[in-house]
Amino acid sequence: MADAELPKRSPELRKDKINNKWVIFSPARSRRPSDLKAKSNANPNNQTSCPFCAGHEHECAPEIFRVPANSTNDWKIRVIQNLYPAVSRELGFENNRVSGQGDVAVSGFGFHDVVIESPVHHVNLSDLEPVQVGEVLLASKKRIEQLRDFDSIKYIQVFKNHGASAGASMSHSHSQIIALPIVPPTVSARLDSMTEYYKQTGKCSLCDIQPNELLIDESAHFISLVPFAATFAFEIWIIPREHSSHFHEIDREKAIDLGGLLKLMLLKMSLQLNNPPFNLLIHTSPFQDDPSYAPSTHWFIQIAPHLSGVGGFEIATGCYINPVFPEDAAKILRDVRISN
Ligand code: AMP
Ligand code: ZN
Ligand code: ZN
């Protein structure tokens with residue numbers, strides 16, 4: 001798409017009402033939005049031997065389950081323990097320890113699992129059929145439902161790192177699940193912000209979104225858009241049309257429908273931005289939710305491409321500078337044609 005078709009814009013500060021953050025939109029930092037691409041392709045694939053490949057199962061930490069459940073060497077998805085977990089399933093959960101200076105610590109109890117999304121090394125999530133992407137989502141749902149049985153687990157983060165600068169150390173397509181005994185502050189801030197919107201308007205902030213020119217595409221049960229105050233250039237959100245606080249409430253039909261839209265968004269992003277490094281994050285609600293959160297909290301998927309690094313200004317202020325206006329990013333992504 002020609003940038004000449006995009007309107008001329010001046011800098012603007014936008015409030016992200018979901019996360020209660022400010023984003024600075026600065027078109028001068030990228031004069032031609034459609035030229036903004038990843039400098040190097042995210043999967044150079046210099047790994048010689050990979051434990052996530054079929055046939056290397058013995059090199060992995062123990063398996064939790066596989067899909068299909070009764071498969072042998074014809075498995076499609078494996079959910080395994082992380083060999084180097086950030087938190088430990090072996091520890092008991094101890095209450096807060098508070099030292100003299102008011103510092104708080106709890107035991108590092110939790111679960112850190114890996115979802116191997118395909119048995120084949122070179123297959124990306126976006127290469128899978130929609131139904132298979134749906135199966136990957138259903139594997140995360142199943143694992144979340146298992147972890148729900150632990151009373152001390154408060155929050156579960158499902159995330160995917162793709163490309164080294166997005167945090168990936170393995171190039172074989174995978175995602176991760178970390179179950180924590182606390183609710184992380186960014187999550188609490190989002191819940192509080194959504195609840196505040198509900199108090200002020202009587203509406204859920206995501207049910208209330210009117211995407212208009214921010215819309216990229218839609219499916220039977222989901223919409224995909226560039227958020228009004230996107231933190232990252234070409235950031236994408238996929239939101240269930242129907243109000244739902246928890247990702248694990250998704251059923252099979254919706255997961256497969258989501259699989260199709262997610263695949264399409266990943267393909268458009270990859271084609272437009274030259275297979276950029278990215279994070280895919282499932283933002284859900286804590287388990288032992290205060291019931292008053294239910295009408296105001298709504299789960300969604302965030303896809304965050306990494307086209308530039310995080311600098312000192314962002315670390316110091318928590319305000320990100322995004323060179324591409326969401327309306328322009330949405331138009332460019334809408335216009336990317338994926339051939340079947
Ligand atoms: P990432 O670093 O985002 O690419 O995620 C890959 C994850 O796989 C890391 O958290 C590693 O600790 C984990 N990992 C690496 N090798 C193995 C293995 N052989 N079995 C299980 N997990 C592994
Ligand atoms: Zn592999
Ligand atoms: Zn809602």
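A brief structural summary. Values in this document were obtained by computation on a predicted structure and should not be read as measured data.

### Some remarks on the packing of helix H3 (residues 252-273) against helix H5 (residues 326-335)
Remark: H3 packs on H5, axes separated minimally by 9 Å, with the N-to-C direction vectors making an angle of 100°. When the axes of H3 and H5 are compared, the pair comes out roughly perpendicular. Two secondary-structure elements touch here, H3 through Lys268, Met269 and Gln272 and H5 through Ile332, Leu333 and Arg334. Of the residues in the contact of H3 with H5, the class split is 3 nonpolar, 1 polar and 2 charged.

### Some remarks on the sheet that holds strand E2 (residues 21-25)
Reading across the sheet, the 3 strands line up as E1-E2-E15 and stay open at both edges, with mixed pairing between neighbours. The strands lining the two open edges of the sheet, one partner per strand, are strand E1 (12-16) and strand E15 (320-322). With strand direction ignored, the average angle separating the axes of adjacent strands in the sheet is 30°. Note that E2 and E15 share 3 bridges and pair parallel. Bridged to Phe25 within E15 is Asn322.

### Quick notes on the sheet that holds strand E12 (residues 236-240)
In space, the 10 strands of this open sheet follow the order E3-E4-E7-E9-E8-E13-E14-E12-E11-E10, with antiparallel pairing throughout. Single-partner strands in this sheet number two, and they are strand E3 (63-67) and strand E10 (215-218). Strand-to-strand twist of the sheet, defined as the mean angle between neighbouring strand axes without regard to direction, takes the value 20°. Here E10 pairs with strand E11 (residues 222-225) via 3 bridges, running antiparallel. Bridging across to E11, Asp217 finds its partner in Ser224. Across the sheet, helix H1 (residues 130-147) is in contact with E3, strand E4 (77-81), strand E7 (111-116), strand E8 (155-162), strand E9 (174-180) and strand E13 (278-283); its angle to E3 comes to roughly 145°.

### Some remarks on the site of ligand 1
Around ligand 1, 18 residues are found, and the nearest of them are Asn82, Asn161, Ser169, His174 and Gln176. Within the contact set of ligand 1, a nitrogen atom lies 2.9 Å away from a backbone nitrogen or oxygen of Glu59. Asn82 is positioned such that a nitrogen or oxygen atom in its side chain is 2.6 Å from an oxygen atom of ligand 1. Considered on its own, ligand 1 offers 500 Å² of accessible surface; in the complex 90% of this is hidden by protein. Residue composition of the shell around ligand 1, grouped by class: 10 nonpolar, 7 polar and 1 charged.

### A look at the coordination of the zinc ion (ligand 2)
Six octahedral donors around a metal ideally make angles of 90 or 180 degrees; four tetrahedral donors ideally make 109.5 degrees. Looking at the zinc ion (ligand 2), one finds its protein donor set to be Cys50 (SG), Cys53 (SG), His121 (ND1) and His172 (ND1), positioned 2.0 to 2.4 Å from the metal centre. Around the zinc ion (ligand 2), the 4 donor atoms are arranged such that angles at the metal cover 102 to 120°; this shape is classified as tetrahedral. When the donors of the zinc ion (ligand 2) are listed by position in the chain, the intervening gaps give C-x2-C-x67-H-x50-H. Residue Cys50 is found in the loop between E2 and E3, and its partner His121 is found in the loop between E7 and H1; the two are separated by 71 residues along the sequence. Given the relative accessible area of 4%, Cys50 is considered buried.

Cut-offs and rules
Residues numbered from 1 in each chain as written. Chains lettered and ligands numbered in written order. Predicted model: local features only at pLDDT ≥ 70, side-chain atom pairs only at ≥ 80, totals over all residues. Heavy atoms only, no water. Axes fitted to C-alpha atoms, helices over the stretch in contact; angles between N-to-C directions. Helix = DSSP H or I, 4+ residues; strand = E, 2+ residues; numbered from the N terminus. Parallel < 35°, antiparallel > 145°, perpendicular 65-115°, else oblique. Contact = heavy atoms within 4.5 Å. Nonpolar A, V, L, I, M, F, W, Y, C, P; charged D, E, K, R; others polar. Pairing = 2+ DSSP bridges. Near = heavy atom within 4 Å. Polar contact = N/O pair within 3.5 Å; in protein donor to acceptor, adjacent residues only side chain to side chain. Areas by Shrake-Rupley, 256 points an atom, 1.4 Å probe, with all protein chains shown as cover. Donors = N, O, S within 2.8 Å, 3.2 Å for Na, K, Ca; no water. Tetrahedral: all angles 85-135°; square planar, octahedral: opposite > 155°, others 65-115°. Buried < 20%, exposed > 50% of the residue type's maximum accessible area, 1.4 Å probe, protein only.

Everything listed here is a matter of coordinates, which is why it stays silent on function.
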